[in-house]
Amino acid sequence: MAFKPDKPSIHGETPEGLGSRLAEAGHPRYRAGQIFEWLYPRRAESAEVMTNLPAPLRTWLSENYDFSATQVLGKKTASDVTQKLLQKLRDGSLIESVIIRAPMEGVGQDKSRRTICISTQVGCAYGCKFCASGLEGWRRNLSVGEIVSQLVQVCRIEDQADPTRAAEGLASFDNIVVMGMGEPLANYENLLAALRIVNAPWGFGFGARRITISTSGVVPKILELAEEPLGFRLAISLHGATNEVREKIMPVNRKYPLEELVPAAKAFARKHGRMLTLEFILIEDINDSLEQAKKLASIARELHAHVNLIPYNKVEGLPWVRPSISRQDRFAKELRALGVTATLRREKGHDIDAACGQLRLQKEKEQGPDSLPPAAA
Ligand code: SAH
Ligand code: SF4
């Protein structure tokens, strides 16, 4: 049975939708604009703080809308620049968001570029063999309000670090990557509706070009995304440069093999005239051979894609091993020698289990399965 929250999340609303509900309840439509001023530039946590609204309207808002579809349950800070937030949904499910701070060149120490990594589902149905998010299957999709609320929570935390941006009503982050728990393109409608809110001038006014959606390769949805007027960036989790290798670790490859995925990626790149990213987790003796590097280089060249190499992050209970630094370097060097731009991520947050889904898994193990809602049918 699908989860039904008592009240809809205010963060799932648009000015038109809220305006109609206001009008139905006998309040003036134009109040919607005032309410949105409070929601995003001022990150209001409740209707009570909306002091320019009449008291009966504030009461109506509190009675009819949920202002905290997600709540921050805990934070874990790594020794480097990564912070991980565990957020709790109204049905008790847990999701993760990560804040990654990279120093900005030429700017003082206190200024850094902040990338926020968000989740789109509770669990994941895709079952990639190296990933903690997929270990316990899929539970449900996040609603539009939950996806947006997740960002608002992160924004509130970041506001404390950068009050200037908060005072100007700007989002307190520079990039959004949809790379947390879940397969974003399997929750396409809600994700797109949420990102439109994030992008809208009445929302965070956050440019689509600063939003990257990562997919394990859901071909029909990549083609659909290519037709979207908003030009989001796309990252493809490749992790194997041949069907044989990819299939071993990514069941999705059986449904959408490379001969379908690569042309879909190409169609996306052509449509948006923008560089794609190929994500490639390096796992010892699975995909880190020079032969794989050569095959990966040929795909990357065909797609004019940038390659992000991610040394595998250990997941408890899984057999995979991260290759040695020299093997990682050898792989990156081969790609570069073949004319591909590749970044070898000395990945951040290893000490806080930053690979997607790990913090939630740990917490659920601590709490025991009885503390969780039943899996969605
Ligand atoms: N489902 C989407 C987005 C979420 S996964 C996708 O697969 O692209 C986000 C990224 O985290 C993916 O590139 C995924 O491969 C990576 N990831 C998952 N488990 C990991 C691990 N153990 N070590 C390193 N990266 C991991
Ligand atoms: Fe799902 Fe992505 Fe993890 Fe694969 S890597 S199981 S698609 S979250």
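Further up the page is the structure itself.
Keep in mind it's a predicted model, so treat the numbers as computed, not measured.

Colleague: Which parts of the structure should I look at to understand the pairing of strand β9 (residues 233–237)?
Modeller: If a strand is regular, its side chains alternate between the two faces of the sheet. Counting buried positions over the five residues of β9 gives four, a clear majority of the element. Here strand β8 (residues 211–215) pairs with β9 via four bridges, running parallel. Residue pairing across strands places T215 opposite I236, the latter belonging to β9. Read as a crossover between parallel neighbours, the route from β8 over helix α7 (residues 219–226) to β9 is right-handed.

Colleague: Any chance you could explain the site of ligand 2 here in plain terms?
Modeller: If you check the shell around ligand 2, you find C124, Y126, G127, C128, F130, C131, S133, G134, G182, E183 and S216 and nothing else. Residues that form the shell around ligand 2 fall into these classes: five nonpolar, five polar and one charged.

Colleague: Help me understand the site of ligand 1 in this model?
Modeller: Around ligand 1, the surrounding shell holds 20 residues, and the nearest of these are G182, S214, S237, H239 and N313. G182 is positioned with one of its backbone polar atoms (N or O) 2.9 Å from a nitrogen atom of ligand 1. The separation between a nitrogen atom of ligand 1 and a polar side-chain atom of E183 is 3.3 Å. About the coverage of ligand 1: the protein hides 92% of its 530 Å² of free accessible area. Looking at the shell around ligand 1, the elements that each hand over two or more residues are β8 and β10 (277–282).

Colleague: Please clarify how α7 should be interpreted in this entry.
Modeller: Every α-helical turn comprises 3.6 residues, leaving residues that sit three or four positions apart pointing alike. For α7, the full list of buried residues reads V219, I222, L225 and A226. Projected onto a plane normal to the axis of α7, the buried residues spread over an arc of 120° and lie on a single side. Of the surrounding secondary structure, the elements contacted by the buried residues of α7 are α6 (188–199), β8, β9 and α10 (258–272).

Colleague: Can you walk me through the pattern of salt bridges in this structure?
Modeller: Side-chain pairs of opposite charge can arise where the charged atoms are in close proximity. Per the counting criterion, the structure on display carries 16 salt bridges. One salt bridge in this structure joins D66 and R90, with 2.9 Å as the shortest N-O distance. With D66 in the loop between α3 (55–64) and β1 (70–77) and R90 in the loop between β2 (82–89) and β3 (94–103), this pair connects stretches of sequence that are 24 residues apart. For D66, a relative accessible area of 10% gives the class buried. The class for R90 is partly exposed, based on a relative accessible area of 45%. Across the pair K266 and E302 runs a salt bridge, and its minimum N-O distance is 3.3 Å. One end of the pair, K266, is in helix α10; the other, E302, is in helix α11 (residues 290–303), and 36 residues separate them in sequence. Judged by its relative accessible area of 31%, K266 falls in the partly exposed class. Residues participating in the shared-partner salt-bridge network are D91, R140 and E146.

Colleague: What should I look at first to understand the packing of α11 against helix α12 (residues 325–337) in this one?
Modeller: Helix-helix packing is described using two parameters, namely the angle between the two axes and the distance between the axes. Taken N-terminus to C-terminus, the directions of α11 and α12 make an angle of 35°; their axes are 9 Å apart at the nearest point. As α11 packs across α12, the resulting crossing turns out to be right-handed. Contacts from L290, Q292, A293, K294, L296 and A297 in α11 reach R330, F331, E334 and L335 in α12. Taken together, the residues of the contact of α11 with α12 sort by class into six nonpolar, one polar and three charged.

Colleague: Mind showing me how you'd approach α10 here?
Modeller: The first and last C-alpha atoms of α10 sit 21 Å apart over 15 residues, in line with the 21 Å expected at 1.5 Å per residue. Three or more residues of α10 are buried, namely L258, L261, V262, A264, A265, F268, A269 and H272. Viewed end-on, α10 has its buried residues packed into an arc of 165°, placing them on one side of the element. Residues of α10 that are exposed and point over 90 degrees away from its buried face: E259, R270 and K271. Two residues or fewer after α10 comes G273, characterised by a positive phi angle close to 55°.

Colleague: Explanation requested: the packing of α7 against α10 in the structure shown.
Modeller: Orientation of α7 relative to α10, taken along the N-to-C sense of each, is 10°, at an axis distance of 9 Å. On the basis of the axis angle, α7 is roughly parallel to α10. Two secondary-structure elements touch here, α7 through V219, I222, L223, L225 and A226 and α10 through E260, L261, A264, A265, A267, F268, K271 and H272. Of the residues contributing to the contact of α7 with α10, the split by class is 10 nonpolar, one polar and two charged.

Conventions adopted
Residues numbered from 1 in each chain as written. Chains lettered and ligands numbered in written order. Predicted model: local features only at pLDDT ≥ 70, side-chain atom pairs only at ≥ 80, totals over all residues. Heavy atoms only, no water. Buried < 20%, exposed > 50% of the residue type's maximum accessible area, 1.4 Å probe, protein only. Helix = DSSP H or I, 4+ residues; strand = E, 2+ residues; numbered from the N terminus. Pairing = 2+ DSSP bridges. Right-handed = clockwise from strand over helix to strand, strands pointing away. Near = heavy atom within 4 Å. Nonpolar A, V, L, I, M, F, W, Y, C, P; charged D, E, K, R; others polar. Polar contact = N/O pair within 3.5 Å; in protein donor to acceptor, adjacent residues only side chain to side chain. Areas by Shrake-Rupley, 256 points an atom, 1.4 Å probe, with all protein chains shown as cover. Arc of directions from axis to C-beta. Contact = heavy atoms within 4.5 Å. Salt bridge = Lys/Arg side-chain N within 4 Å of Asp/Glu carboxyl O. Axes fitted to C-alpha atoms, helices over the stretch in contact; angles between N-to-C directions. Left-handed = near helix turned anticlockwise from the far one by under 90°. Expected span 1.5 Å × (residues − 1). Parallel < 35°, antiparallel > 145°, perpendicular 65-115°, else oblique.

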